[in-house]
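Reading the structure
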Amino acid sequence: MSEKVNPYKDSELGKKEQVKHMFDTISGSYDGLNRVISFGIDVKWRKKVVKLVGETFPKTILDIATGTGDLAIALTQTGAEKVVGLDISPGMLDVGKDKVSKKDLTDIVEMVLGDSENLAFEDNSFDAITVAFGVRNFENLEKGLAEILRVLRPGGRLAILETSVPTKFPFKQGYAFYTKFILPTIGKIFSKDRSAYKYLSESASVFPHGMAFNNILRKIGFIGIENMPQTFGVASIYVATK
């Protein structure tokens, strides 16, 4: 299991409530900061997720931890009839709803407030499920993944995009320096929440990746598991089937 890292070390709130507060606080600057921090490469990673999901021709897709809806909106390119973007943060969802409205996608994309570890959907509800940079924010990782398995239909595809840690020189050393010093500094300068981007870098560094995460997916009950490192290993795309 992943080491417990919370956004606010002095808070008495649980991780779930802390994450909700953190994303509400940074929702207005989140998209712009993401582009800066990832040098825009996160857009390319999401396109790969859309392609992997589109290969299964899903009619219904659930995008968990949808944030401001970038992936949910992109998933309309699969030809899906319905894409549900779910997030715990009302602030992030408000930004996402505005995007969906401006792109005239309200008939396809629905942005809903919800808890990824207690999904308000029936068993076998979705043909595909995606999570981009969200599973490391789960308070209980295995519970969240078990909920995903429950609402995914048999034969349905799960695609997870998550940060990982490079293992080869010099990318490992460069990534460690960037996440420890550069990323939190950018967050302090441009974000209202000084703890947010420190948490995002710390949580990425301790989250299980590669085979470790594959093994967790396998333990939960997923099959056909594959992980694909992206950009020297700074992120990974995991694909699995129910």
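One can find the structure itself at the top, above this paragraph.
Rules behind the numbers
- Counting from 1, residues in each chain are numbered in the order their sequence is written.
- The predicted nature of this model means local features are confined to residues of pLDDT at least 70 and side-chain atom pairs, given and counted, to a pLDDT of 80 or more, with totals for whole chains, interfaces and linings taken over all residues.
- With hydrogens and water excluded, all non-hydrogen atoms of the structure serve as input to the side-chain values.
- The helix count covers DSSP runs of H or I at least four residues long, the strand count covers runs of E at least two residues long, and both are numbered beginning at the N terminus.
- Contacts: residue pairs with any heavy atoms within 4.5 Å of one another.
- Here, Shrake-Rupley sampling with a 1.4 Å probe gives the accessible areas, and only protein chains in the shown set may cover a residue.
- Cavity means a closed set of points on a 1 Å grid over the protein atoms alone, one where a 1.4 Å probe fits but cannot get out, pocket means an open set with protein on both sides within 12 Å along at least 5 of 7 lines, and lining means a residue has an atom within 4 Å of a point.
- Grid points are joined across faces, edges and corners, and a volume is the space filled by probe spheres set on the points.
- Only Asp, Glu, Lys and Arg are considered charged, only Ala, Val, Leu, Ile, Met, Phe, Trp, Tyr, Cys and Pro nonpolar, and every remaining residue, Gly among them, polar.
- Multiplying one less than the number of residues by 1.5 Å gives the expected span of a helix.
- Exposed residues in this analysis have more than 50% of their type's maximum accessible area, buried residues have under 20%, and partly exposed residues fall in between, with area computed by a 1.4 Å probe over protein chains only.
- For two strands to pair, DSSP has to find at least two bridges joining them.
- Fitted lines through C-alpha atoms give the axes, limited to the stretch in contact for helices. The angle between two N-to-C directions lies from 0 to 180 degrees.
- For this analysis, a polar contact is any N or O atom pair within 3.5 Å, provided that within protein one partner can donate a hydrogen and the other can accept it, and provided that sequence-adjacent residues contribute only side-chain to side-chain pairs.

**Details of the overall build of the protein**
The number of helices and strands found in the protein is 9 helices and 7 strands. In the protein, the share of contacts with a sequence separation of at least 24, taken over all contacts with a separation of at least 6, comes to 72%. Of the accessible surface of the protein, which amounts to about 11,300 Å², a share of 56% is contributed by carbon and sulfur atoms.

**Section: empty space enclosed by the protein**
The final tally for this structure, using the stated rule, is 3 cavities of 30 Å³ or more. Computed from the structure, the largest cavity encloses a volume of approximately 340 Å³. Forming the walls of the largest cavity are 30 residues, and the residues nearest its centre are Ala65, Thr66, Gly67, Asp87 and Gly134. Among the elements that line the lining of the largest cavity, the one with the most residues is helix 2 (residues 30-37), at 4 residues. Along the lines of polarity and charge, the residues of the lining of the largest cavity split into 12 nonpolar, 9 polar and 9 charged.

**A few points about helix 5 (residues 90-102)**
Between its first and last C-alpha atoms helix 5 spans 18 Å; for 13 residues at 1.5 Å apiece the expected length is 18 Å, and the two agree. Among the residues of helix 5, those classed as buried are Gly91, Met92, Leu93, Gly96, Lys99 and Val100. Just downstream of helix 5 lies aspartate 104, where phi reads positive at about 55°.

**A look at the sheet that holds strand 7 (residues 235-241)**
Strand order in the open sheet formed by 7 strands is 3-2-1-4-5-7-6, with mixed pairing between adjacent strands. Each of the sheet's edge strands pairs with one partner strand only, and the pair in question is strand 3 (109-113) and strand 6 (223-230). Geometrically, the sheet is characterised by an average inter-axis angle of 15° between neighbouring strands, direction not taken into account. Bridge analysis of strand 1 (residues 60-64) against strand 4 (residues 126-132) gives 4 bridges, and the strand direction is parallel. Residue pairing across strands places isoleucine 64 opposite valine 131, the latter belonging to strand 4.

**A short note on the side chain of threonine 76**
Mapped onto the elements of the fold, threonine 76 is located in the loop between helix 4 (70-74) and strand 2 (82-87). Under the relative-accessibility criterion, threonine 76 is labelled buried at 18%. A polar side-chain atom of threonine 76 sits 2.6 Å from the main-chain carbonyl oxygen of isoleucine 73. Not counting residues within four places of it along the chain, the set of residues in contact with threonine 76 comprises Val83, Leu105, Ile108 and Val109.

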